[in-house]
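# Reading the structure
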Amino acid sequence: QLMLVLVTMLVVFAATWIGFHLARSITVPIEKLAQATREVSKGRLDVRVEDPASDELGILIESFNQMIADIQTGQERLAQKTAEQEARKQYIETLLNTVTTGVIALDAEGRLTTINPSARDMLGLPAGVEAIGRPHRDVLSHPRFAELLQAIEAGMKARHRVSDREISLQMNGQQLTLALTLSPLKPPGAGFSGLLVVLDDLSQLIKA
């Protein structure tokens, strides 16, 4: 009878130990996954779950690690593209701010999206006057812009390139002669999205 009690206790102990071991083999990886998920939700994408499990839990952990690695790679590529676009934007802004040619860009509705300092100087628009986002008819409402406004209106309707056209502009009692180039903005795969207006001051050349 004593032997039977000992065997029974041994079986119970073994079953308990096996059950505890199996429970730990399931709960510990799940706890690691839960902790890693919390870290990822805080923005940490360098988290990986290290567990030698080879069953379904192991496949789940491997898939989780691969998913986080893919997200991290995607974010790094996005950050790189964003940095490249920002650098390209700053480069273009630097060019526009330094060239002596006047550059004005309009969207499809005729609102100004870009006007560089040279264009402001040619048109006599003070730097403090906000032009971006305003309709070109409002910015060029002064009678001295009548010829320029007429050309832009025609370019917005025709939507084709017009180059080497000369227009006159009265500025501070002097007549300026400007070479006007109009180019429609048509991104690849898209329709008309605006108009690019380029101005070159020919006054000094004509005087010479």
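Sequence order as written defines residue numbering, which begins from 1 separately in each chain. Reporting of local features is limited, given that this is a predicted model, to residues whose pLDDT is at least 70; pairs of side-chain atoms are given and counted only at 80 or more, and all residues count toward the totals for whole chains, interfaces and linings. For side-chain calculations, the full set of non-hydrogen atoms in the structure is used, while hydrogens and water are omitted.

## Considering the overall build of the protein
- Scanning the protein from terminus to terminus reveals six helices and five strands.
- By the criteria applied, helices consist of DSSP H or I runs no shorter than four residues and strands consist of E runs no shorter than two, each listed in order from the N terminus. Element order for the protein, N to C, with α for helix and β for strand: α-α-β-β-α-α-α-β-β-β-α.
- Accessibility here uses a 1.4 Å probe with only protein chains present; expressed as a share of the type maximum, an area under 20% marks a residue as buried, one over 50% as exposed, and anything in between as partly exposed. Per-residue burial over the protein gives 29% buried out of 208 residues.
- Note on contacts: a residue pair qualifies if any of its non-hydrogen atoms lie within 4.5 Å across the two residues. A separation threshold of at least 6 residues defines the contact pool for the protein, and within that pool the share at least 24 residues apart is 39%.
- Where accessible areas are quoted, they stem from the Shrake-Rupley method and a 1.4 Å probe; at the residue level, only the protein chains shown are allowed to cover. For the protein, the accessible surface area stands at approximately 14000 Å², while carbon and sulfur atoms represent 59% of it.

## Here we look at the sheet that holds strand 3 (residues 162-171)
- In this analysis, strands are considered paired if DSSP registers two or more bridges between them. Ordered by their spatial adjacency, five strands build an open sheet running 2-1-5-4-3, and the pairing between neighbours is antiparallel. At either margin of the open sheet sits one strand with a lone partner, and together these are strand 2 (112-115) and strand 3. Between one strand and the next, the sheet's axes are offset by a mean angle of 25°, whatever the strand orientation.
- By the bridge criterion, three bridges tie strand 1 (residues 102-107) to strand 2 in an arrangement that is antiparallel. By the bridge assignment for strand 2, L106 is matched with L112. To get an axis, a line is fitted to the C-alpha atoms, and for a helix only the part in contact is used. The angle between two axes follows their N-to-C directions and goes from 0 to 180 degrees.

## Focus: helix 5 (residues 146-158)
- Here helix 5 spans 18 Å end to end across 13 residues, near enough to the 18 Å set by a 1.5 Å rise per residue.
- Every buried residue belonging to helix 5 is among L148, L149, A151, I152, E153, G155 and M156, and all of these are buried.
- Contacts made by the buried residues of helix 5 are with strand 1, helix 3 (117-123), helix 4 (136-139), strand 3, strand 4 (174-185) and strand 5 (194-201).
- Once helix 5 finishes, R159 follows within two positions and takes phi at roughly 60°, a positive value. A helix's residues, less one, multiplied by 1.5 Å, set its expected span.

## As for the pairing of strand 3
- Where strand 3 lies against strand 4, eight bridges are found, and the strand directions are antiparallel. In the strand pairing of strand 4, I167 is matched with L178.
- If you look at the hairpin formed by strand 3 and strand 4, you'll find two residues sitting between the two strands, and N172 has a positive phi there, around 55°.

## So, a nonpolar patch on the surface
- Two joining distances apply to patches: 9 Å for like charges and 5 Å for nonpolar side chains (Val, Leu, Ile, Met, Phe, Trp, Tyr), and every residue must have over 30% relative accessible area and no salt bridge. Salt bridges are identified by distance alone: a Lys or Arg side-chain nitrogen within 4 Å of an Asp or Glu carboxyl oxygen. On the surface, a cluster of nonpolar side chains totalling about 370 Å² of accessible area is made up of Y91, I92, L95 and V99.
- On the secondary structure map, V99 appears in the loop between helix 2 (56-98) and strand 1.

## Some remarks on the confidence of the model for the protein
- Every residue is assigned a pLDDT by the predictor, reflecting its confidence on a scale from 0 to 100. Taken residue by residue, the protein gives an average pLDDT of 82. The fraction at 70 or more is 85%.
- Helix 1 (residues 2-41) is the least confidently modelled element of the protein, averaging 69 in pLDDT, while strand 1 averages 93, the highest of any element.

## Quick notes on the environment of E39
- Following the sequence through the fold, E39 ends up in helix 1.
- Here E39 is in contact with R44 and V47, once residues within four sequence places are set aside.

## Re the pattern of salt bridges
- This structure, assessed with the given rule, holds three salt bridges.
- The partner of E109 in a salt bridge is R111, with the nearest N and O atoms 3.5 Å apart.
- Judged by its relative accessible area of 53%, E109 is exposed.
- E153 is the partner of R137 in a salt bridge, and the nearest nitrogen-oxygen pair spans 2.8 Å. Of this pair, R137 sits in helix 4 while E153 sits in helix 5, placing them 16 residues apart in sequence.
- A relative accessible area of 46% places R137 in the partly exposed class.
- Each of the salt bridges in this network shares a partner with another, and the network as a whole consists of D107, E109 and R111.

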